[in-house]
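Chain by chain, the residues run as shown.
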Amino acid sequence: LEEEGYSVRTPPIGVMVEVPSAVYMIEELARRVDFISVGTNDLTQYLLAVDRNNTRVAGLYDDLHPTVLRALEQVVRGARLFNRPVGICGELAGNPMATVLLMGLGVDSLSMSAGSLMKVKWVVRSFSVSRARQLLHAALRMEDPAQVRGFVERALDERGLGGLFRPGR
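Quick notes on the rules
- Along each chain, numbering runs from 1 in the same order as the chain's sequence is written.
- For a predicted model such as this one, the threshold for reporting local features is a pLDDT of at least 70, and the threshold for listing and counting side-chain atom pairs is 80 or more; totals across whole chains, interfaces and linings nevertheless cover every residue.
- Neither water nor hydrogens contribute to the side-chain values; these are computed over all heavy atoms in the structure.
- Whether a residue is buried, partly exposed or exposed follows from its accessible area with a 1.4 Å probe, protein chains only, as a fraction of its type maximum: under 20%, in between, or over 50%, in that order.
- For the purposes of this entry, the term helix denotes a DSSP run of H or I that reaches at least four residues, the term strand denotes a run of E that reaches at least two, and both are numbered from the N terminus.
- As used in this structure description, the phrase polar contact means that two N or O atoms lie within 3.5 Å; if the pair is within protein, one of them must be able to donate a hydrogen and the other to accept it, and residues adjacent in sequence are counted only when both atoms belong to side chains.
- For two strands to count as paired, DSSP must find a minimum of two bridges between them.
- When the strands point away from the viewer, a crossover counts as right-handed if the route from the first strand across the helix to the second turns clockwise.
- Axis lines are fitted through C-alpha atoms, for helices just across the contact stretch, and the angle between N-to-C directions can take any value from 0 to 180 degrees.
- The salt bridge definition used is simple: a Lys or Arg side-chain nitrogen within 4 Å of an Asp or Glu carboxyl oxygen.

Caption draft 1: Expanded view of helix α5 (residues 96-105). Within α5, 10 of the 10 residues are buried, which leaves it mostly tucked inside the rest of the structure. Where α5 is concerned, the buried positions are P96, M97, A98, T99, V100, L101, L102, M103, G104 and L105. The opening residue of α5 is N95, an N-cap whose side-chain oxygen sits 2.8 Å from the backbone nitrogen of M97. Positive phi appears at G106, one or two residues downstream of α5, with a value of about 85 degrees.

What follows is the structure in structure tokens.
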């Protein structure tokens, strides 16, 4: 394309996956875009049917729920069929407990607040991708978020990273 004498490229076009219907249609979406981004806050809320802002049910909101992990796996798998990169944004992206699982999924980028960067970087540098994949596959077989959290806590503890997720450390 040319505009006013300058060569202009069309910017990359992506899609934000924030609702379960987009997870189920990921292949059709991936075919039409250049990249995929997953908004984990809304996706988790809608997958679990829990309003995270409602104090009566907010305790049921858990972004390490196996349902969320399985949905993310489906998104990555569908995106890979069309060689589309997958980015994760939302609280999950900056959660050091989730980092190793996201590495195992093979996500391409994480969008987080600056305050999370060093903790996430520490986790990335502490695990190989193959070990992260092993941990992810085990977590995907679990049935509740408490199991997943305990499992990931032990994996981080084994690497001396327990202080990343325990308050006051």
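Caption draft 2: Focus on the pairing of strand β5 (residues 86-89). Burial of the side chains of β5 extends over both faces: V86 and I88 are buried on one face and G87 and C89 on the other. Bridge count between strand β4 (residues 35-39) and β5: 4 bridges; the pairing is parallel. Across the sheet, V38 pairs through a bridge with I88, a residue of β5. Inspection of the sheet shows β5 paired to strand β6 (residues 109-111) by 3 bridges, in the parallel sense. Bridge pairing in β6 links I88 to L110. For the crossover from β5 across α5 to β6, the handedness is right-handed.

Caption draft 3: Inspection of the sheet that holds β4 at higher detail. Taken in spatial order, the 4 strands make up an open sheet running β3-β4-β5-β6, and their pairing is parallel. The strands lining the two open edges of the sheet, one partner per strand, are β3 (14-17) and β6. Here the average twist between neighbouring strands, direction ignored, is 20 degrees. Both β3 and β4 contribute to a ladder of 4 bridges, which runs parallel.

Caption draft 4: Structural detail: the pattern of salt bridges. Under the definition given, this model contains 5 salt bridges. In this structure, D63 and R149 form a salt bridge, with 3.7 Å as the shortest nitrogen-oxygen distance. With a gap of 86 residues between them, D63 in the loop between α3 (40-48) and α4 (66-80) and R149 in helix α8 (residues 145-158) connect regions that are remote in the sequence. Overall, D63 belongs to the buried group, its relative accessible area being 9%. Put simply, D62, D63 and R149 are held in one network by salt bridges that share partners.

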